Amino acid sequence: LFAEIAEIRSGGTPTTSKPEYWVPEVNWGTAKDITECPTYKIWSTERRISKHGLKESAAQILPELTTVLIARGATTGGCRLLGKPMAMNQTCYGLVAKRDSDPRFLYYLVTNTYRQLRALAHGSVFETVIGDTLRNLNVNVPPPDEQRAIANILGALDDKIELNRRINETLEAIAQALFKSWFL
């Protein structure tokens, strides 16, 4: 069962009626941040909350390498891996690998069960995956050594893709700067 390899944590949102909760101190992710993230790891968020807002809400800091799963809405089942600790809102679950599980393997497992998660989602207004449904999901989990081997191979490929994306962005910026210097 999924509950044997991951702890499922809910996100939260500080009340918007208190501006002091929205001082930008802590990255606070939403489904939009996850779906718009171009890489497999999320490093920053569009919105941030204060430490006080964090304390006064159900939001909590999730550790680095937590898999964040969109649990509600049109993008249910989408996920990213946290590149650094941050908080999430209630449309997301933080899936924290248990002691004997590899956190990167957990991310790839969740990514691979996307269709299954979409099929389990239900609701009349927004499709939702409920925590208990996720906890009781049957998944095939290899021993920890195999998890690490799988995660190392897939992680190396994703790291290379991310590096290539950054190189492309740098080359594009250089090309734009040259164009501007020549023609403007």
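Before reading further, recall that the structure is shown in the block above.
Residues numbered from 1 in each chain as written. Predicted model: local features only at pLDDT ≥ 70, side-chain atom pairs only at ≥ 80, totals over all residues. Heavy atoms only, no water.

**Student:** In this structure, what is going on with the overall build of the protein chain? I would like to understand it.
**Tutor:** Of regular secondary structure, the protein chain possesses 6 helices and 8 strands. Counting over 184 residues, the protein chain shows a buried share of 42%. Put simply, of all contacts in the protein chain between residues at least 6 apart along the chain, 71% involve residues at least 24 apart. Within the structure as shown, the protein chain displays about 10500 Å² of accessible surface, and the carbon and sulfur contribution to it stands at 55%. (Helix = DSSP H or I, 4+ residues; strand = E, 2+ residues; numbered from the N terminus. Buried < 20%, exposed > 50% of the residue type's maximum accessible area, 1.4 Å probe, protein only. Contact = heavy atoms within 4.5 Å. Areas by Shrake-Rupley, 256 points an atom, 1.4 Å probe, with all protein chains shown as cover.)

**Student:** Sorry if this is basic, but what is going on with the sheet that holds strand β7 (residues 87-88) here?
**Tutor:** To summarise the sheet geometry, strands pair through backbone hydrogen bonds and adopt either a parallel or an antiparallel arrangement. Spatially, 3 strands are ordered β4-β2-β7 in an open sheet, and the strand pairing comes out mixed. Across the chains shown, the open sheet's two edge strands, defined by having one partner strand only, are β4 (47-49) and β7. When strand β2 (residues 26-29) meets β4, the two strands line up antiparallel, connected through 3 bridges. Across the sheet, N27 pairs through a bridge with R48, a residue of β4. (Pairing = 2+ DSSP bridges.)

**Student:** It is not clear to me how the packing of aromatic side chains should be interpreted in this structure. Could you clarify?
**Tutor:** Per the counting criterion, the structure on display carries 5 aromatic pairs. Ring centres 5.0 Å apart and planes at 70° place the aromatic pair Y107 and Y108 in the edge-to-face group. A relative accessible area of 6% places Y107 in the buried class. Plain terms: the ring middles of F179 and F183 are 5.0 Å apart, the flat faces sit at 45° to each other, and that makes the pair tilted. Of this pair, F179 and F183 both sit in helix α6 (residues 144-183), separated by 4 residues, roughly a single helical turn. (Phe/Tyr/Trp six-rings, centres within 6.5 Å; stacked < 30°, edge-to-face > 60°.)

**Student:** Help me understand helix α3 (residues 103-112) in this model?
**Tutor:** Given 3.6 residues to a turn, an α-helix orients residues that are three or four positions apart in the same direction. Three or more residues of α3 are buried, namely F105, L106, Y107, Y108, L109 and V110. The secondary structure elements touched by the buried residues of α3 are β1 (6-10), β5 (67-70), β6 (79-82), β8 (92-97), α4 (114-120) and α6. You can read the cap of α3 off the contacts: a side-chain oxygen lies 2.8 Å from the backbone nitrogen of R104, and it is on D102. (Polar contact = N/O pair within 3.5 Å; in protein donor to acceptor, adjacent residues only side chain to side chain.)

**Student:** Which parts of the structure should I look at to understand the pairing of β6?
**Tutor:** It is a general feature of regular strands that their side chains alternate between the two faces of the sheet. Where strand β3 (residues 41-42) meets β6, 2 bridges bridge the pair, whose relative direction is parallel. Within β6, the residue paired with K41 across the bridge is L81. As judged from the 3 bridges shared by β5 and β6, these two strands associate in the antiparallel manner. Residue pairing in the sheet places V68 in a bridge with R80 of β6.

**Student:** Can you help me understand α6 in this one?
**Tutor:** Over its 40 residues, α6 extends 57 Å from the first C-alpha to the last, a length consistent with the 58 Å expected when each residue adds 1.5 Å. Where α6 is concerned, the buried positions are Q147, A151, G155, D158 and E162. Here the buried face of α6 lies against β3 and α3. (Expected span 1.5 Å × (residues − 1).)

**Student:** Looking at this model, I keep getting lost on unusual backbone geometry. Mind explaining?
**Tutor:** Negative phi values dominate among residues other than glycine, just as trans dominates among peptide bonds. At L65, a residue that is not glycine, the phi angle is positive and equals roughly 70°. As for its placement among the helices and strands, L65 is situated in the loop between α2 (51-55) and β5.

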